[in-house]
Amino acid sequence: MSMILSASVVRVRDGLPLSASTDYDQSTGMQECRKYFKILSKKLSQLPDRCTLKTGQYNINFISSLGVSYMMLCTENYPSVLAFCFLDELQKEFITTYNMMKTNTAIRPYCFIEFDNFIQRTKQRYNNTRSLSTKMNLADMQTEIKLRPPYQISVSELGSANGFSHISVGEYKGTGKISAAPHQRLEPVTLPGIVSFVLSLLCGALNLIRGFHAIESLLQNDGEDFSYVIAFFLGTAACLYQCYLFVYYTGWRNAKSFLTFGLICLCNMYVYELRNLWQLFFHVTVGAFSTLQIRLRQPQGKSPDYNV
């Protein structure tokens, strides 16, 4: 008998379970699928927004949107179009019920466990396909799946030493490839993030102005040290690069932000004779604050573009 067996809602960036159905049985096959659920939840940020994992007599399907992933386990003969319509309903209801601030700041696992009530009701409807009332989106979903089929994950990929590290990286357009990291979208900008961006631009402008003043002083006085000019311009470049890291996703983004902050500290240490204590404190504090905001703004799952 084809049916949906269970479903869960997971945060993409760290795999934190937010809600789940409470109907797992204790069979060997189901226990194995629970392991796959845990492995996949830790790799969601590396995967496309729509995937399927075939595990013998069961299939695991999931979609990711706005930093949250919706996962479900069904029998292998359950129609794919119904599976993704089911996930689409979970996504729409969850986004309507909970705002992104709550999901981003959640610390405790299953803190939205009351969402299980909706999961259970929806699961019952989709398990009774003859009386399924929401058939209006099936045609649209069928067309969408044909145009952009889910990425097929194999069990052998799950068994690799480093998870999915050996999967070829390329731009995913529904053809079985994973999205390249430079095109990955970041979470929405927060007010502290905007403040850090503006302050970084201000620090960069101040360093640039002081750099030009240092050049003027160097031209007027032969005894001036040219290294001060280099230090100010390096400080400008570091501040602007922090702005770039905040806006765009790149590989080793967190490591780059810490190295950039270290460069800001070194530049300010070198020009300490030309700045007072409060100026040095301002530049270093802004650099630390911007580094924190870069660290907090994590990649998010792609928003699904079906049923629009």
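Residues numbered from 1 in each chain as written. Predicted model: local features only at pLDDT ≥ 70, side-chain atom pairs only at ≥ 80, totals over all residues. Heavy atoms only, no water.

**Brief notes about the nonpolar core**
A general feature of soluble globular proteins is that nonpolar side chains tend to end up buried together.
Moving on, step 1. One finds L18, L90 and F94 to be the most contacted residues of the largest nonpolar core, which totals 30 residues.
Moving on, step 2. Residue assignment for this core shows that the elements contributing at least two residues are strand 1 (4-11), strand 5 (68-75), helix 2 (80-97), helix 4 (116-127) and helix 5 (138-147).
Moving on, step 3. Here the element with the most residues in this core is helix 2; it accounts for 9 residues.
Moving on, step 4. The contacts of L90, once residues within four sequence positions are left out, are A7, Y70, F115, F118, I119 and T122.
Moving on, step 5. Listed in part, the 19 residues of the second largest apolar core include Y36, L40, M71 and L73. (Core = buried A, V, L, I, M, F, W, Y, C linked by side-chain atoms within 4.5 Å. Buried < 20%, exposed > 50% of the residue type's maximum accessible area, 1.4 Å probe, protein only. Helix = DSSP H or I, 4+ residues; strand = E, 2+ residues; numbered from the N terminus. Contact = heavy atoms within 4.5 Å.)

**As for the pairing of strand 5**
Moving on, step 1. Across the 8 residues that make up strand 5, a large majority, 8, are buried.
Moving on, step 2. Two elements, strand 1 and strand 5, share 7 bridges in a ladder whose sense is antiparallel. The partner of V10 across the bridge, within strand 5, is S69.
Moving on, step 3. As judged from the 8 bridges shared by strand 4 (residues 58-65) and strand 5, these two strands associate in the antiparallel manner. Along strand 5, the bridge assignment pairs N61 with M72.
Moving on, step 4. Connecting the antiparallel pair strand 4 and strand 5 is a turn made up of 2 residues, with L66 showing a positive phi of about 55°. (Pairing = 2+ DSSP bridges.)

**Brief notes about the confidence of the model for the chain**
Moving on, step 1. On average, residues of the chain score 81 in pLDDT, and 81% of them are at 70 or above.
Moving on, step 2. Here residues 160-183 is modelled with pLDDT under 50, and outside its nearest four sequence neighbours on either side it reaches 51 contacts, counting other chains as well.
Moving on, step 3. Predicted confidence is poor over residues 301-308, with pLDDT under 50, and the contacts of this stretch with residues over four places away or in other chains come to 33 contacts. (pLDDT = per-residue confidence, 0-100.)

**Some points on the sheet that holds strand 2 (residues 17-20)**
Moving on, step 1. Strand order in the open sheet formed by 6 strands is 2-1-5-4-3-6, with mixed pairing between adjacent strands. Sheet topology places strand 2 and strand 6 (151-153) at the edges, where each strand pairs with a single neighbour. Across the sheet, the axes of successive neighbouring strands diverge by a mean angle of 20°, strand direction being ignored.
Moving on, step 2. Direction of pairing for strand 1 relative to strand 2: antiparallel, over a ladder of 3 bridges. If you follow V9 over to strand 2, its bridge partner there is S19.
Moving on, step 3. Along the sheet, helix 2 contacts strand 1, strand 2, strand 3 (50-55), strand 4 and strand 5; its crossing angle with strand 4, the most-contacted strand, is approximately 35°. (Axes fitted to C-alpha atoms, helices over the stretch in contact; angles between N-to-C directions.)

**Some thoughts on the packing of helix 7 (residues 191-220) against helix 8 (residues 227-247)**
Two numbers describe a pair of packed helices, the interaxial angle and the distance between the axes.
Moving on, step 1. With their axes 8 Å apart at the nearest point, helix 7 and helix 8 run at an angle of 160° to one another. Comparing the axis directions of helix 7 and helix 8 gives the class roughly antiparallel. For helix 7 against helix 8, the interelement crossing comes out left-handed.
Moving on, step 2. Along the lines of polarity and charge, the residues of the contact of helix 7 with helix 8 split into 16 nonpolar, 8 polar and 1 charged. (Parallel < 35°, antiparallel > 145°, perpendicular 65-115°, else oblique. Left-handed = near helix turned anticlockwise from the far one by under 90°. Nonpolar A, V, L, I, M, F, W, Y, C, P; charged D, E, K, R; others polar.)

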